Structures are given as C-alpha cells and as structure tokens.
Amino acid sequence: MKRSAHHPRKWLPHPRFSLFLLVLWLLMVESFAVAQILLGGLLAWLIPFGTQQFWLEQSSMHHPVRMVQYVFHLFVDIIRSNFMVAWQIISPQNKLKPGFVEYPIQLQNDFAITLLASTVTLTPGTVSAHITRDKKVLLLHVLHLTDEQALVEAIHLRYETLLQEIFEC
Amino acid sequence: MEFMVAILLGVLTACGVYLVLRPRTFSAVLGLTLLSHAVNLFLFSMGRLHSHTPAVIGAVDQHADPLPQALVLTAIVISFAMTAFVVALALRSALELRNDHVDGVDKEEDPI
Amino acid sequence: MLIYAVYLALALFSAAILLCLYRLMVGPDIVDRILALDTMAINLIAVIVLTGILMRSNVLFEAALLIALMGFVSTVALTRYLLRGDLIE
Amino acid sequence: MLLLEVLISLVLVLGALVAFIGAIGLVRLPDIYSRLHGPAKASTLGVGSILIGSFLFFTFFMDGISMQELLITAFIVTTAPISANMLAKAALHRKIPCAQGTQNAPVPRTDTQSS
Amino acid sequence: MTLLLLVLLPLFVLPAPLLLRSRPVLATIATLIAPIVIVALIFPWVIPVFSGQTLISTFEWIPSLGLSIAFRLDALAMLFVLLISVIGITVIFYAYLYFAGKPEASRFYAMILAFMAAMLGIVTSENLLFLLIFWELTSLISFLLIGFYGHKQASRRGARLSLFITGGGGLALLSAILLIGKVVGSLQISDILQSRDLLQQHAYFPWILALFLLGVFSKSAQFPFHLWLPHAMSAPTPVSAYLHSATMVKAGIFLMMRLYPVFSGSDLWFYYVVPIGFITLLVGAFVAIFMHDIKGLLAYSTISHLGLITLLLGYGSTAALSVAVFHLINHALFKAPLFMMAGTIDKATGTRDLRQINGLFHFYPMLALLSFIPIASMAGLPYLNGYMSKKLFIVESLAVHQDGMLAVIIPVLAVLAAAISVGYAIRLFHNTFFNGKPRELPHWPLPPLNRLIYLPLVFFASLCVLIGLWPEWVVSVVVDPVVVSSQASSLYFIELPPYDLSVLDSGWLTWISLLTFAGGAALYSARKVLFAWHDSLPTVDAKEIFETGMLWLISRAQEAVHLVENGSLQRYLIYIFIAALLLTAWPLMQLRQWQGDLALMPIDPMSAGAIVLMMVMAVSVAVLHRQRLIALLFTGATGLLITVGFARFSAPDLALTQFSVEVMAIFIMMLALSFLPQTSPEEKKRYRIRRDAVIASIAGVGIAVLSFAVMTRPQQTISSFFLENSVSGGGGTNVVNVILVDFRGFDTFGEITVLAIAALAVFALTRNLRLKGRVSESVQAEAWHGYAQPYPLILRTLARPLLPMALLVSAYIFLRGHNLPGGGFIAGLITAAALSLQYVACGIRWAQVRMLTQFRPLIGLGLLIAGLTGLGSLLFDHPFLTSWFSYFYLPVIGKFELATALLFDLGVYATVVGATLLILSNLGRLMTIHGPGKEIG
Amino acid sequence: MHLMVFAILVPFFAGAFLILANQLASYLQRMISIGSSILLLVVALLLLTYALSGEYFIYQLGSWQAPFGIVLVLDQLSAMMLVLIAGLALVCSVYACLGDDARGAHFHALFQFQIMGLSGAVLTGDLFNLFVFFEILLIASYALLLHGGGRDRSRAGLRYVIINLVGSALFLVALGVLYGVTGTLNMADMAIKVEQLSQDDKPLVHAAAALLLVVFGIKGALLPLLFWLPRAYASATATVAALFAIMTKIGIYSMVRVFFLVFGGEEGIHLSLWQWVWPLAIATMVLGAVGALGAQSLRGLTAWMVIISVGTLMAVISEATIASLASALLYLAHSTLLTAAFFLLSDVIERYRPGCRDYFVPGPKTQDRVMLGVLFFTAAVAFAGVPPLSGFISKVWILSHVDSLNGYRVFWPTLLLSSLVVLVALSRAGSALLWRQNEQQVSQAKAPYMASILVGLLLLLSVLFTTFAEPLMQFAQSTATQVMLTERYLQPFVIGDI
Ligand code: NA
Ligand code: NA
C-alpha cells in the first residue's frame, strides 16, 4: 500500500458510529452520570478520529428501521434452528445428509455481503464456508441438506432482499 | 486443595523441565513457557489459596493476599517479554544456522 | 432455585468443556483442535459469567470480555496461520 | 419475583443445555464441516442465554442494571461467524475430507477416498 | 633519599635514548649517564659502608600489606650496586659497538635502563615485598630482552620458557615471603634478620625454605631450572653479558646471601642447597664442553659457576660464604668480557658455531690476547682471580663437616668439576683462536674489528689480573665487609677465618690444582671421542621440550575443557538442575513437618477437575512435543486453565493478565513455528529421554514438596498494610493495581522497561534477518489460490469496526483499573490485540500506514511518561514515584478522582501497546510474501 | 538523597529518549549515550562521597515505608559497585562509538538499559526488585550479546538466554518460598524475620537460600553453572564483553549482599552455604586455569580469566571473615577493570590485524606495534599478578587474608598456580599476537589510537590502584566491616523508623 492511503483527516469522521460508541460506553460503565457522558463523548470522538484511516470506506445504512426487522428475523431464526439442529445432533447420525451449497450473491456492498454471510452462520444448520474472490458465490455447508433450491430461495427472500433494501445495493 | 495444587505445580514443573531439556529450540521454548506457568503459579500459591476473596476493597469483606498477585503480574509480563525474545532468537538462529537444534549444530539430522 | 439452576448450568458447561477437550485431544485435524479450543473459550465465558452470579459480583466481567476478544483473535490467527502458514500479511 | 427467578433459571439451564448439545455435536458429528455447526450454537443461543440470564439477574436482583453482559453477547455474536468462516476456509484449504454422502463436496469425501 | 634516587635515576634517564633514536652516539652517552651518576652518587658511601655502616631509609606505602618503600645499603648491597653500575657502564659501551648505530639500540638502552633500575631495587631493598616487585620486574624485562628479536621463533620460545620458569619461581618466592611475613610479623629485612630462631623453629619453616629456594634457584638457573638460561642466549649479546651472566642470574645468589643469616646453619638448608648446587655445577660444566655454540658454552659455564656459588652457600660456614662472595665477584669479572668476546666474534664472523670458527688468532690477535686472560681465569690459572676462588672452593669442600661418604664424595666431585671447567675453557680458547682454519664463515673475508672493543676487554682483563695478584686486598676491603653484613652482624661478632691467600702454595693443593689442569687437558684432547659419544645421545632442547610440552598441555587442556564445556546446552542445563536439586534436597531432608498447621481448603469437584485437566494438558505437551503445533495448542490450553485457576483463587487481575499474555505468547510462538519444521525429529539417544524424565520428575517433586510445605503453613505478611492503605494512601480500591502502580510502582517501572527492551531486542534481532530458506512448506505463492485468500472478506469487513470498539473497551479497562480489576497493562494488551487483528485481517503494510504513530516512539513515549510521572514528585521533594491523588467536585460533573498513578499507568499502557506491536509486526514482517522488506516500528 | 535514584534514572531516561528519538543522527545518539555515562559517573562519585561517611542511606520509593514499599539502600559496597559500573560504562560507551555501535540496531539504548539494570541491582534493598533489575540487565545483555549478529553469537546467545531464563525461574521459586515463609520482601526485614523463624520453617528458607545460591552462581559463573560464559563472552562484541566484565561481579555482589544480610544472622544457613561455595570456587579456579591454557583467542582467554577471577573471589569470600571480604572487594574491582581492558584490547588488536581477528595465529606484518605491545604487556602484568600493578597488590592482600588451613593447603597453591598458568597463557598470547608475523602479508592498518587510549585509561586505573592502594584497602576494609556487621543495617528496619 502506498502513502496515498492517507486521506485528509476529518474532525468527526463517523458521527453515527461515535454515537454508537458513546452508548456502548455508558452501557459498559453502567452509569449515566454527567461525568461519564462527558468522558464517553470524549472517547467516542477521539477513538474514531484516531482510527479513521483504518475504515474509510464505511457503507451507509439507509433504512435503520429495516435493520431492526432484520435483527428480529435473525433472532427468531436462531432460536428456531437451534432446536432443529439440537435434534439433528442428538438423533442418530446416519439420518444426516450434509452437503455444500453454492449460493449466488446478488449484493454489491462488502458490508452487506458480510452481514449476509454472518447471518447464515449464526442460524444453526448452515455455515458460510467461503466467499469467492469475485464476491459472486457464497459457499455454504449445510448440516442437513434436503432441498438445495429451497434453501437458496429462503436465504434470498428472508435475508438478502432485506439487506438489499437496507444498503440500497 | 493445597495438595492438588502442589501436585499440579510438580507436574507443570516436571513437564517444563523435561521439555527444556529437549534438543530443539521449539521444545525448549514450550518448556520455558510451562516452567514459567509453574513458577508463576508457585509464586501465587505462596500467598496461600483463597476462595472468593479478591483483593478489591469494598467488593468483598475478606481479601486474598494481594502482594503475591502483584508479584506474579510482574513476573508474567517479564516472562512474556522473555518468551517473545527467546522465540525471536530461536527463529533467528534457526534461519541463520540452518537448523533448530539448541546448540546450533544439528547432530542428529540433516539441516533444514 | 436459582442457585441450583446455576449449578446445573455450570455442570453442563463443564461437561461441554470436557467434550471440547476430547475433541482437542483427538483431533484428528488441527482445524478440529482449533475449533475445540475456540468452543472451549466460549464455554469458558459462560462458566465465568455463572461464577459471577454465584459470587454475586461482576468483577469477572472483564475476564469474560477478554476471553471473548482474545479467543476470537487467536482463532483467527490460528486459522490464518493454517491458510497461509503465517499470521500477518 | 419468583416468576423472574424461574425465568432466569430456565434461561440459564436452557442455554447450558444448548451449549452442551453443541459440544456433543462437536464430538459426535462425522466431519469438521459438520462439527462447525455445534459451536455456532454454543456461541449464540448457549452463551447468549447465560449472558441474558446474568443480565436479568444482576439487573433485577442486584442493585443497578448490568449491561456488560449485553456487550459480551454482541461481541460474541459478531465474531462467531468470522471464526466459523475462517475455520471452514482452513478446513477446505487443507482439503480435509468431508463425511460420507456429503452432497456437492468440493473436497474429497471419506467414502471416495476409501474406495 | 639518595637510595630512592639510585633506583629512580635509570628510569628518569629512560626516555632519553628513545627520544634520541636517530642519534646513536648521543643515545649511548645519555644512557651512560645513569650508571655513571649512580657510581658518583654512591661513591661517598663506599668507604663508610664497607667499613660496616648500614644505611636504611623507609617510606610507608601500603602498610596493610606490610609493603614499604624501604632501602638498605650495606656492604652486600654496595657490592652489587657497584657490580651492576660498573658492568652496566661497560655493557652499554659495548652495546654501542654491538648495535653499530641501528635504531633498535635505543629500545635496548631503554630496557637496559629499566633493568638496571629493577636490579638496583632488588639489591637495595629493605622490604622483602618491595624486593619482590623488582625481582619480578627483572624477570619481565629479561623476557622482553630475550624476545628482543620477537619475529624469530627461537627468541619467542626462549623468552616464554624463561618467563615460565622465573615467573613460577617468583610465585614461589612470593609465598615464601608472605609466610615469612606471617611468622615474623614484618617484611622488613632488618626485622627478619633478627628472627632466625623464630623462623627456623616454626612449623612452616620447611615450606618457607623450600618455596624460598624454589624462587631463588629458578632465578639463578639452578638445576633443573637452569634450562631457561641457554635459550636466553638468543637475546642480543650485551643482554647475555649483563643480565644472564653478571647481574640478573646473581639476584638469586644475592637473595640467598641476603637471608643467609636466617636460613643457614639449619640441616635443611644444607640438604636442600648442597645437592642442587653440586648437580648444577657438574651438569653445567659437563654440558658446556659439548656446546658448539660459543654463547651456549658460556651460558652453561655460567650455570656451572652459579652452581658453584650456591654450593658454597650451602656449606653454611662463614668461610664458604666468603669464598662464595669472592667467586661471585670473580665470575662477574671474567664472564662479562667473555660474552663481549663472543658477541664480537659473532658479529665479525656471522656465526657462533665453534666448529666453524677456528684460527681466529691470525685475524684478531689482539682479541685473542685479551680473551686469554678471562678464559684462563675461568679455568683457574694461577695469578688470575679465578685461581684463587677455585683453590678456596676445594679447601672449603674438604672442610665440610659431614660424616661418612659425603666427606669423600664432596671433595672428589669438586675436583672433577674443576677439571671439567678447565676442559671447556681450553676448548673455548683453542677452538676459537687456533685449531686450524675457519670453515665456511658467513662473513668472508673477515671485517676488521672496531678497536674500541678492546677498551672493556682491557678493563676486565686488568681487573682479573689485579685481583689474581692481590686477592688479600679484595678480600679484606670488599669480601669481608660483605660477609659481615651478610651475617646480621649486629647479633654476633664474626671471627673471620684466616685465609691462605698465597698464590703458589706448596703441598697437596698445588697437586690438586695441577690435577684439574691435567684432567681438563685430557678431556679436551679426548674431545673427538666425547663429541662422538655426545652426538649419539638424544638431543635435548629444553625450549623444544617446553614448547612440545606446552602444546601437549594445551591440547590436553582443550580436551579437558571440552569434556565439560562442549557447547551442549542440554548438558549445561542438567548441571544447573542437578546443582539446584542437590543443594535444595539437603535442607529439605531436614524438614520435619511436611504439612503446616493451616487448615486445608476443601476440594471442590470443579477445581479438582480443572486441576486434573491441567495436568493432563501439561503431560500431553511433554508427550506430544514433537508434533509442534499440537503441543503449542496444548500449551495454550494449559495457560488458559491457569487463568481459570487464578480466577478461582481470587486473583481476577492475574487471570486477565495471564489470559491476554498467554494469547499473545501463543500468537508469537505460532509466528515462529511457521518458519520452523512442524515436527521435531525423533531423538536417537533414548537414554537421554529417561534421564531427563528422571531429572524432571525429581524437580517436580521438589517443587510440589516446597509449595505444599509453604502453602499449608500459617502466614504473617506485610500485605495487611496494603489492604489498609490502598484507599487512603493509594486512592484505589483494587489493591493489586495500587500495589502495581503505587506501593511497588518501581517494580512495574522495571517491568515495562523489560518489555521495552525485549521489543527493541526483537526488533534488532529480526532487522537484518535474511530468509534464505523459508521453512514452512505452506508458504508458497499458489497458496493464494482457492480458499486461502490474503484478506478474507468477512474478516476484513468486521475487523475494522471492531478496532474502535476494542479501543473503547480498553479505555474502560484502563480507567477502572485503579478500583477494579484492569489497568494499563491489560488495556494495552487489548489494544495491541485489536490492532494486530487489523494486521491479520488486512495486511501489515495496509495497517502500518494507518497507524497514528510508529511503535518505537510509542514505547519511548510510554517509558518517558512513566518516568516523568515518577519524577514529578521530586518537584515537591518527595521520593521518586510518590503518587498524588485527590477527589474533586465540580457542579455538573460531580465527584471525580485525579491520580498521578493513572498517568503512570498511561505510560505502562503506551509501552505495552508499542512493545507488543513492535514484536508482533517485526516477526510478522518476516513473512510478507515479498520478503522482510523495510523495518517496521 | 534523591541522587540515589538518579543512578537508575539517568540511564533509564537516556535509553527511553533514545528509543523515542530513534531516527536521531548517530552522532547525537552517541553524544546522549556518552553524556548519560558521564552524568552517571558524576552521580556515582557523589554517592560514593556520601557513602564514605560510613552511614547507610535509605531511599523510600513512592514515599512508602519499608518493608512495605521498595527502598534503595546506599552503603559503601553499593557505592563502590556503582562507581565501578559507571566508570566501565563510560569507557565502554566511548569505545562503542568507535564503530561497534553501528553493527546493529539500538546499541546505545540497550546499553543504557543494561547500565540501568546494573545500577538498580546494586542499589535495591528489596529482593523482588532485585529480581526485576536482574531481568532488566539480563534482557539487555541478551540483546547486547547478539549485537552485531552472526552465527557464533546466535549459538552462544541461545545458550546464554535459555540458561538465564531457567535461572530466573529458580529465582522466582526462591523468592516465592522466602515470601511464603517470611511474609516480606525487603531484605533487611527478611533478615529479621529469618532470625525469628521457628525450627520447622528454617529448612524451607534454607532451601530457598540454596536456590538463590544457584541463581547467583549462574550469574556469577560458579562451577558447575558457568558453562554459558566462555563462548558467550568470547563471541560478544568487544565493548559488550567489556561491559559484561561487571555482570559476573553483580552475581557475586548479590550473593554477598543477600547471604551476609538476609542469611547472615542465622549461623546455620549462611555458613552451610559458604561451605558449599568454597570447593566449587576452587574447582572454578582450576577449570578457569585449564580453560585459559587451552584458549585459542584472546577473547576466549579473557573469558576464562573472568572465570578464574570469579573462582578466586568466591573462594576468598567464602572464608566469610571481614578481612577476606575486604581483600575480595579489592580484587573484584581490579579484576573487573582488567578483564574489561583485555576485552577491549582484543578488539584493538583485531583492528590492527585485519583478517586474523584475535586468534593466536601469525598476523600480517604491520608497522608499529610498540603501543600495542606496551598496552598488552601492562595489561598482562596487571592481570597475572606480577608486580607492581593492581593484580599483585590484590593477590598479595588476598593471600595474606586467607589464612585458614584449607587456605594454605588448597587455596594458595591453586591461586599461585593459576597465576602461573595465566602468565604462561598470556605470554603465549602476546607472543603469538604481537611478535609472530606472517612475513608474506603486509598490512597497512594504522594503530587505532583512540581505542588504545581507552584501553590505556583502564590500565592507568590499575596503576593508580597500586599507587593509592593503602586508602583503597582502608576503604575495602571498612566496606567489608559494614557489609558483615549487619546490625547497623538492620537497625532502622527493626525500629521501623526510617
Ligand atoms: Na449490575
Ligand atoms: Na505513593
């Protein structure tokens, strides 16, 4: 990498992230005292300012409300599939039909792709094993693969479309 | 519990010493790591064993001996520094001497 | 009742750690071992949190946080090492 | 309050059970790719439940609220997919054979290998 | 004061010849100033001293050692001062001719002056230790003079041989002197001379005498220490004439005479000295006959005469002593010119081989004439000084009061020795000046001699004649006072025996004298037979023997050292472990109570399980250590469990630190492992495994016993102070942290220094490391294809927001450290881990350019912050690292604390971050795909 | 008495600043390093003048009362060691600027930290703090030993490092036991507690003391713990080796300090330890002599001479009388300076004989060897104990103070014979290095004047040592008295009023 990686420093490079950090700070110290707010504010400004060179290309979330919906979906799916997988693990082994699935990615944004892959991993039963270099294919490992096409569609409908909306890509 | 900890210390020390005496730098480094674990735990145990009594004023009523803890903390950091150095040295000598024997001369096999 | 629940949970997590340990010992591949180690670290977090409940103090919070952070970093480092034979670059 | 206690107890035991089953999976499942699924459970619902239980406990039974558990939960949830991804990549890269009967296997299967 | 000047004078003059290097004449004259002035200085005292006066002057130097700068000028000293300075004058004069204007002459002059000072010091010392200083100096200067032509092998070897012998002798003499000092309580010669009975009756006396004689014999070339002297002949001839015949070799004789009153008269003295003297006398004379080297012949002759003088001293009678003194003078007078003759011939002919040098009478008749007198004196021809001493020697030999065989053997051997000396004298003269024509001389035709050479020869020859004609004069004026002074005269008056000093006495002595001549002539005439016989003997070259001996010794020494110091770390470690085990086993055996009185902590199943697990892990590491990665993982697991142990036993700070350090350490080892072979080869020597296992087990048992014994004993510690004062004095509730940053902040100060140095050292170690062979097989370009991508997308994308979050967490842990577990160190490690995650995820160069600061400045900054914080307290005249804290109240913000300890901890934080990252990045840098590249940090 | 802490802080700040400003021009770095060394020498000399009063000076770091906080203790012995360290540091730091410092990274910073470790180890009155300073001086020495790189150094370095790491582990174990039994870390307080121990606890402390003997024995190079030394010292850069001349002495210093102070009061422990040391010390001398005889290079020879000096020192100290300790202290100073001079001299010779280093092989013909000859001769005379230089004085003093029966029967012959061996070995070295020449090769190497002057400076100290032997001996005598009669040291700690 060349020196060109240095962009001119901004005074407040990631305002929303700074806010997030402040909240995080207050959660951590478990106090909402003025002193803590001031201190947290200072850190929430200072840290992104100091590390801004590390994450210049931040994708912007366009529909935070959708994001909440997404998280809810995820939460439900995690619980549901957890029980499914628990059953699969406890039940006799020979019933399992593991398999790999190549999922065609339609998302454009790196962050969105990452979120998708993470989501897939977090819902038990599927693990994101690999993303090809051109970011077109997500290789999944499925613990009990019955219908490949159904799985691809489910993922697409349940997560990818939402992510497309959120990140507008 | 003291008895078990003592046995543990003995086993850790024995494994550490045994590994330090192996002819390869990597084993020696592992041995030194185990040995420093043993020694740190030993130093720690010299403040006697205490349950649920961290030396934080206000959190609990009784307090474990904080001094050995502070000493072990220093010792941990120092042994970390030493480990880092000895690893770099092992690396260097392996690359420079073309083998990873602790004596820098491979008596048993072809140089790597 | 809560105490019994905590003890039960502790026992289950301990058993889980033992199972991880079995995998750590058996392997067969190094990836299995790393996986076992990673899982162990995560179960350890649970153990620490449960111990915190028993102690009725959250002084162990840092330990849990640290294990989460460091466990993650080391898993990444180890796998990265397997992928390329090195950790950095 | 009793209800809350029961709730917390349930959450704790449930989480522990999930994590334990995940660990069983780590032991029982046939190949590394399948075994990856087990810890994913432990990381999410297992430890997550414990943390939430702890959060509830400290928030309602001790003075003040305890948000730190949530922080850890968030962290684990964020990082677990990365670990799993890296582990899977490593396994694929090392061409670790996958279990008999795996569909679309990009790596050798134990059955093909043995034949 | 004059005496001090006497010794210092040559040293003052010493620079002159060195400065006048290019002006040989001036250099010579400058050098001559020293002995001439000495003679002038001493002159007023000659008559008083020889009349029995003794001058003593003492200056304190090192009273603790009994060492004082003390001088004593009595007749004995005066005799030697005169010999040293007068012969010195002639030798310097001769050296001017010898070196013939070569620049090396000035180096020689300087050394001769130094030597002269040392020699004068020996003979005028009143303090034995002071004397020893000069004694050793003469050895050293002799070493340098023998090695004057250091580029020649013979010179070097001769020099080292002489140093070995005289140096060793010096050490013996030193111990003798120290023992004398212990017995007498003083090292002043005056005191010692009065302690004859005290010394002789002391239990150490045999040792003292033996060590003393070892010292003086080695200096005076007594058998078997005579070996160095012939090899000293590689020195320039003026050196041979001065040091190795007239002065230095006489130092031993001098010292024997000096302490004669103390030692003589004991049986031990007789039995130690007489045999050695005799053997030396005979061996020297005998070997001299066979020497083809003209200087070698003279050297052995010197040895023989030194033996003679020693022998006379050994007799122990006053008469024998006076004969010894007399002969000492005579020997100096006839030997010095002979060396000059030898040197002149050597210079003129280019060789010193008597087989080549023949018939020089035709070329240098004057030289032959002037040489005849000293040679004849050496042979003991009547009317020359040597005759007198030979005659008296035989008289004394007959006078030895011994019973039995000795009464016969001693005289017979004495006569034999005299005969042999006649033999080599004849050989020297006849072979040099007659005996046919010169053969194959390197210089031909022979150059004319510088007539000035006759000057010293005439001087010595006339002295030989004068003393030969009027020996009574010398005896009464010089010898008798010397003898008296050598007898500690203040104690008892000595009746000197009447000498028969008539030159031609009738009776059996004349016959004996004639017998020696006849014997000598017979020996010489039978020389062909004798040489043939001698040649058939194996040649013995002492310096060769010394050299081979030394080489043998050196190689033995190397072997012996190699037996233990063989470069094997394992062996060294075993020595250490065994030493530790043996040393601790002994006291532990005496431990009566293995278990103390403290109530044991009950065992709970979880802890027990964890402990068993940890043991299993540790043993697995030991068993599986050849599978390196696996062993590393198990090591990591052990460290992890220790973390749990710390947490279990109420040490949250320790748990945190141990854990993060453990991860970092494993990380680093992992880096190293990627270069090293992935497995260790099997060890061939199985017994080593068993041996090491045994040692390791014993060590384990030792630690277990030790820890159990201590852990179960009740404890009284200083820790209650920390618990009581942590809040009030340190301003923090986390006592461990307050200890670290306040009570024992100095330890932490040292600890971060260690970390900084380690990082710097790793940086230095890896800086120029060349990766010729990258060991790991998987490091190959094609590894990038397929599933291995340099920067996996998920990792890369998620790692970046993790960085600020982790920094926030570390800020939190840092700030709360003073009151709750945490602190600068742990916070630093979290920061370092978060940053290194960026390295792992995105590449080293990528992360490097995005860093706010370089690592080394960060380390330096951290150290400076910590140091300056500590220094701040000095402004308020409190000791270094005195902390300050206070609680403040601001309207909106509320109550908060400010503490300098936090600032100190900030230094710790910065150092830890910088050091950890410097280590990681520089180890990681080695592995970039393009090679090491530019240094990082 | 803030001055005391500056003996540690001066090199610390110099080192820290040198890291911070690592891009500084090399001449500035050198100036900082030399300046710091000069300053340290000034501090050390001032401290010596304080110490000469015969008082103990106690500096409470962080204002915390001993035994709770860490204290620095200045007495004559620590002041003497400081002066020695500072003097040597100055000579070495100047010498390093003749080119040694450029052979690797961060020489001056590491050097300053090394000095800091040495000063701290000498001054501290706290056992754990001693451990910390040991680690500082060790890690710095690891780095310095490897300074300049190369295979020999890597090999020797690996051994040195691993052995010392094991030594550090043993140190911690010993510390742990001592704390576990006595409950304190301050050496004076520990001494008081050790005296009061019950008979049941004594063996434990005794075992810890034995471990400390091993630890200090490793540092101080006592047989059989010394084998790391010869090759390490022989392979180090000259400057570093010269500085290391003081390192073994620090091991011995610690032994003296800890054994006489902490275990000195209790007859059994202290005497039984010396009883172990005595035969080991004699064996060390013998081994040193054998090694010196077999040495192949001047540095190798010097390394073995270091071992001889260690053996001699330990043998004398183990007599455990005031007189013997006094003579040992004098010998310690002398041998440190001389071995340092020899290490530097070997480098001077090396510069003069390009291609042959300091091995005993004929070097190329060179112009003017007089200066080197004089230096070598003087150094040899001084070290071998030939009059009139410091070696002679200290040897005679030692001999006259070792007057036990074993001393006469074993120590005297060993010392004298080892002197003879050194004399022989040095004459062999000198004759091979300076007399023998390879007539075919001619070297144009100029005599290195600055380097020679520095060596000459050390040798001048040997001369001054002789000249002012009496006051030095008086000093050593009172220092030894101060060290051995510990009641006064302990007094303030007993009362708890410092
Ligand atoms: Na809470
Ligand atoms: Na303070």
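Chains are numbered independently. Their residues run from 1 in the order of the written sequence. For naming, the first written chain is A and the first written ligand is 1, with later ones following in the order written. It should be noted that, the model being predicted, local features are given only for residues of pLDDT at least 70 and side-chain atom pairs only at 80 or more, the latter also being counted only at that level, while totals for whole chains, interfaces and linings use all residues. Derived side-chain values reflect all non-hydrogen atoms in the structure, with water molecules and hydrogen atoms excluded from consideration.

1. A look at the domain arrangement of chain A
In this document the domain limits rely on a domain assignment from an automatic tool or a database. The domain architecture assigned to chain A consists of domain 1 (8-54) and domain 2 (64-167). Computed over C-alpha atoms only, the centres of domain 1 of chain A and domain 2 of chain A are separated by 33 Å.

2. Description of the coordination of the sodium ion (ligand 2)
For a metal with four tetrahedral donors the ideal donor-metal-donor angle is 109.5 degrees, whereas six octahedral donors ideally subtend 90 or 180 degrees. Only N, O and S atoms count as donors, using a 2.8 Å cut-off from the metal and 3.2 Å for Na, K and Ca, and because water is excluded some sites may appear unfinished. Coordination of the sodium ion (ligand 2) by the protein is provided by E:Asp742 (OD), E:Ser883 (N), E:Ser883 (OG), F:Gly62 (O) and F:Trp64 (NE1), with metal-donor distances spanning 2.4 to 3.0 Å. In this pair, E:Asp742 sits in helix H32 (residues 735-743) while E:Ser883 sits in the loop between helix H37 (855-875) and strand S3 (885-890), placing the two residues 141 residues apart along the sequence. The same class applies to E:Asp742 as to E:Ser883, namely buried. Numbering of helices and strands starts at the N terminus; helices are DSSP runs of H or I of at least 4 residues and strands are runs of E of at least 2. For every residue, the accessible area obtained with a 1.4 Å probe (protein chains only) is divided by the maximum for its type, and the residue is called buried under 20%, exposed over 50%, and partly exposed between those limits.

3. Some points on the interface of chain F and chain E
Counting residues at the interface gives 116 residues for chain F, matched by 109 residues for chain E. Throughout, buried area stands for the accessible area (probe radius 1.4 Å) lost by two parts on being put together, summed over both. Between chain F and chain E, a total of about 10000 Å² is buried, with carbon and sulfur atoms accounting for 77% of that surface. Three residues, F:Trp64, F:Phe68 and F:Trp435, lead the burial of chain F against chain E; their summed loss comes to 9% of the area buried on that side. Between Lys or Arg on one side and Asp or Glu on the other, a salt bridge is scored when a side-chain nitrogen of the former is within 4 Å of a carboxyl oxygen of the latter. On inspection of chain F and its partner chain E, the count reaches four salt bridges. Close ionic contact of E:Arg713 with F:Asp201 constitutes a salt bridge, the shortest N to O distance being 2.7 Å. Within 3.5 Å is the distance limit for a polar contact, defined as a pair of N or O atoms, with the added protein rule that one can donate a hydrogen and the other accept it, and that residues adjacent in sequence qualify only through two side-chain atoms. Linking chain F with chain E are 21 residue pairs in polar contact (both at pLDDT 80 or more), by the criterion used here. The residue inventory of the side of chain F that touches chain E, partitioned by class, reads 76 nonpolar, 27 polar and 13 charged. Residues are treated as being in contact if the distance between any of their heavy atoms lies within 4.5 Å. Throughout, the ten residues Ala, Val, Leu, Ile, Met, Phe, Trp, Tyr, Cys and Pro are labelled nonpolar, Asp, Glu, Lys and Arg are labelled charged, and all others, Gly among them, are labelled polar.

4. Here's the deal with the interface of chain E and chain B
For an interface, size is often stated in terms of accessible area lost upon the parts coming together. With 115 residues of chain E at the contact, the number on the chain B side is 83 residues. Counting across the interface, chain E meets chain B through three salt bridges. Of the charged contacts in the structure, one is a salt bridge between E:Glu683 and B:Arg22, with a shortest N-O distance of 2.5 Å. Taken together, the links from chain E to chain B amount to 21 residue pairs in polar contact (both at pLDDT 80 or more). Top element by residues in the side of chain E that touches chain B is helix H30 (residues 686-711) of chain E. It accounts for 16 residues. Considering only residue class, the side of chain E that touches chain B consists of 74 nonpolar, 25 polar and 16 charged.

5. Let's talk about helix H13 (residues 248-258) of chain E
The buried fraction of H13(E) amounts to eleven of the eleven residues, a majority that puts the element mostly inside the structure. Residues E:Met248, E:Val249, E:Lys250, E:Ala251, E:Gly252, E:Ile253, E:Phe254, E:Leu255, E:Met256, E:Met257 and E:Arg258 constitute the buried set of H13(E).

6. Topic: the packing of aromatic side chains
Residue and element names in this part refer to chain F. Stacked, tilted and edge-to-face are the three classes assigned to paired rings of Phe, Tyr and Trp, where Trp is represented by its six-membered ring and a pair needs centres within 6.5 Å; plane angles under 30 degrees give stacked, over 60 edge-to-face, the rest tilted. Counting across every chain of the model gives 79 aromatic pairs over all chains. Summarising the aromatic geometry, the rings of Phe128 and Phe131 are spaced 5.5 Å apart at their centres and angled 40 degrees between planes, so their arrangement reads as tilted. Of the two residues, Phe128 and Phe131 both sit in helix H5 (residues 127-145), three residues apart, roughly one turn of that helix. Each member of the pair, Phe128 as well as Phe131, is classed as buried.

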